[in-house]
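# Structure at a glance
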Amino acid sequence: MATVQFEDSMVSVASGSNLLEALLHAGHDIPNACRAGACQSCMMQVLDGELPAAAQQGLKATQKAQGYFLACCCEPQTHLKVQRNPASQSVCAVVVDKQLLPGRVLRLRLSSELDYRSGQFVNLVREDGLSRAYSLASVPELEPELEVQIRIHDDGQFSQWALNDLAVGDSLKVQGAFGDCFYTSENMQQPLLLAGTGTGLSPLYGIVRDALRLGHDGPIHLFAGARVADDLYLDKELKSLASAYRNFTYTPVVLEAEIQPDGIEVGDINQIMKAHYPDTKGMRAYFCGSPERVQKLRKQTFLAGASMQDIHCDQFTPSSQAVAA
Amino acid sequence: MSSLYEQLGGEAAVDAAVDIFYRKVLADDRISHYFDTVDMDEQAVKQKAFLTMVFGGPHNYTGKDMREGHKHLKGLNDTHFDAVLENLAATLTELGVGTDKIEQIAAIGNSVRDDVLNR
């Protein structure tokens, strides 16, 4: 028998039983369905203590890394502290740098105490509650500030405000970090395949630098897509990364070009990636960008042999309306 | 005598089967269009629950869930259901499961046919 701290209460889990049963028995309302580790409805997060391996069987490496587990498969051997999934932090951040990049992208650097993995996303919340989700391009171990890359839309309420009114020294609320699109170092030889279009590049830029920093050994190939060459807003940074690391390859792809530009492939990024990698068995993939693009990339990569467990996606859904929280 | 689910290798066997089965289903022109608009991560979790059930494992699937989960799919008929069972059998063969066990699993699969086809 072991005890588990859940929120403000303590439950004991008898041997032969599991945490889900104990929590339900104690009157907590926990979502659940199959009670057999299949439906994942009862996913929780451990804050302290050692989980039995069975509690994480079948989860993605990125979920395991965040301490996620299934309450129905958890028969704790020692004391645990757990919480509902997902819990988020809400911290204050101050703008320390603001820079306009090519392709109508605004780079913001924010100083904050947020705990995160490079490639996860946060909500930036304005004083009046207007909020938008952005991925983190920064790597906490490499730079002290959070970095987000914001696509400027002509009628974008948040992006226009950030471009015109937000100033260095101003503060924002940051909620997060969310998502399981980040690097984990459990298999450092595995070939990594990354693709993104537009500002989908921002989390990928963080993920690549995180992998290289940790000494990832296998080949890493990033495909960056834009409409025209001028919109490849991280071209310089990625080229210098590619010359610094022998196992990192950067392939810029544009949809339109009148003349074949030097070192850039022209065409559909999905087709170009497929031509490079007709067989993706054993590879790990990260895809970020518009939902249609990401879903196609995920499907083609899965059909070409990669395991679902190894495909990590972040879909950028544009906000149509202002949402006041 | 251990259960069919245990003989197959339990949850680890289901994990091994999910990728293979789902890939076959998506690559099958007879049924792949039903999966075009679903979230693949969510679908993989559902495939796992389905495989757990047909493997004779612990599950809470009911006929009502099966009915609710499929009734929005237009034109779903026996051909589509047969295609799924075919992909299931091919997955099991690929994993080295014996013919007698494949038959037992197909029988469990067949038991939900009327619920899936809403009749």
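The structure presented is a predicted model; accordingly, all values stated were derived computationally and were not measured.

### Quick word on the sheet that holds strand β9 (residues 131–135) of chain A
Residues and elements named next belong to chain A. Taken together, 6 strands build an open sheet; the order of strands is β9-β8-β11-β6-β7-β10 and the sheet is antiparallel. In the strand order of this sheet, the two ends are held by β9 and β10 (146–151), each with one partner. Each adjacent strand pair in this sheet contributes to an overall mean axis angle of 40 degrees, direction not counted. Sheet topology note: the strand β6 (residues 89–101)/strand β11 (residues 171–178) ladder contains 6 bridges and is antiparallel. When the sheet's bridge partners are listed, Gln89 is paired in β11 with Gly176.

### Some words on the packing of aromatic side chains
Summed over all chains, the structure comprises 6 aromatic pairs over all chains. Ring centres of A:Phe158 and A:Trp161 lie 5.3 Å apart, and the angle between their planes is 65 degrees; this geometry places the pair in the edge-to-face category. Of the two residues, A:Phe158 and A:Trp161 both sit in helix α3 (residues 157–164), 3 residues apart, roughly one turn of that helix. Between A:Phe302 and B:Tyr22, the aromatic rings sit 5.3 Å apart at their centres with planes inclined by 45 degrees, giving tilted as the arrangement. Of the two residues, A:Phe302 is situated in helix α7 (residues 291–303) and B:Tyr22 in helix α2 (residues 10–27); the pairing between them involves two chains. By the burial criterion, A:Phe302 is buried, and B:Tyr22 matches it. An aromatic cluster is defined as three or more aromatic residues linked by ring pairs; in this entry it consists of A:Tyr134, A:Phe158 and A:Trp161.

### A few points about the interface of chain A and chain B
The partner chain B presents 20 residues to the 19 residues of chain A that form the contact. Carbon and sulfur atoms supply 53% of the area that chain A and chain B bury against each other, a total of about 1,800 Å² over both sides. Contact with chain B buries surface across chain A, with A:Lys299, A:Phe302 and A:Met308 losing the most and accounting together for 30% of the total. Inspection of the region where chain A meets chain B yields 4 salt bridges.

### Observations regarding the side chain of A:His312
All names here are of chain A. Along the chain, His312 turns up in strand β17 (residues 311–315). On the basis of relative accessibility, which here comes to 2%, the residue His312 falls in the buried class. Not counting residues within four places of it along the chain, the set of residues in contact with His312 comprises Lys60, Thr62, Asp180, Cys181, Arg284, Ala285, Tyr286 and Phe287.

### Re the pattern of salt bridges
Per the stated rule, a full pass over the model turns up 29 salt bridges over all chains. The shortest N-O distance in the salt bridge between B:Arg67 and B:Asp115 comes to 2.9 Å. Highlighted residues: B:Arg67 in helix α4 (residues 63–70) and B:Asp115 in helix α7 (residues 113–116), separated in sequence by 48 residues. Classification of B:Asp115 as buried rests on a relative accessible area of 19%. Sharing partners across several salt bridges, the network here consists of A:Asp97, A:Arg107, A:Arg109, A:Glu147 and A:Glu237.

### Considering the sheet that holds strand β12 (residues 192–197) of chain A
Residue and element names in this part refer to chain A. Judged by pairing direction, the sheet is parallel, and its 6 strands sit side by side in the order β15-β14-β13-β12-β16-β17 without closing on themselves. The outermost strands of the open sheet, each flanked by one partner alone, are β15 (265–266) and β17. The sheet contact formed by strand β16 (residues 284–289) and β17 spans 5 bridges and is parallel. Considered in β17, the bridge of Ala285 is made with Ile311. Sitting on the sheet, helix α4 (residues 201–213) touches β12, β13 (220–226), β14 (248–254) and β16, and the angle it makes with β12 is about 155 degrees. Sitting on the sheet, helix α6 (residues 269–276) touches β12, β13, β14, β15 and β16, and the angle it makes with β13 is about 155 degrees.

### Things to note about the domain arrangement of chain A
Residue and element names in this part refer to chain A. Looking at the assigned domains, one finds that chain A contains domain 1 (2–84), domain 2 (89–178) and domain 3 (192–315). Computed from C-alpha coordinates alone, the two centres of domain 2 and domain 3 are separated by 23 Å. Residue-level contacts link 19 residues of domain 2 with 16 residues of domain 3. For the pair domain 2 and domain 3, the two sides together bury roughly 1,400 Å², of which 54% comes from carbon and sulfur. In this structure, the connection of domain 2 to domain 3 is made through 3 salt bridges. Salt-bridge contacts for Glu141 lead to Arg213; the nearest nitrogen and oxygen are separated by 3.4 Å. Linking domain 2 to domain 3 there are 7 residue pairs in polar contact (both at pLDDT 80 or more). Contributions of two or more residues to the side of domain 2 that touches domain 3 are made by β7 (105–111) and β10.

Scoring rules and cut-offs
Residues numbered from 1 in each chain as written. Chains lettered and ligands numbered in written order. Predicted model: local features only at pLDDT ≥ 70, side-chain atom pairs only at ≥ 80, totals over all residues. Heavy atoms only, no water. Pairing = 2+ DSSP bridges. Helix = DSSP H or I, 4+ residues; strand = E, 2+ residues; numbered from the N terminus. Axes fitted to C-alpha atoms, helices over the stretch in contact; angles between N-to-C directions. Phe/Tyr/Trp six-rings, centres within 6.5 Å; stacked < 30°, edge-to-face > 60°. Buried < 20%, exposed > 50% of the residue type's maximum accessible area, 1.4 Å probe, protein only. Contact = heavy atoms within 4.5 Å. Buried area = accessible area lost by both parts, 1.4 Å probe. Salt bridge = Lys/Arg side-chain N within 4 Å of Asp/Glu carboxyl O. Domains from an automatic or database assignment. Polar contact = N/O pair within 3.5 Å; in protein donor to acceptor, adjacent residues only side chain to side chain.

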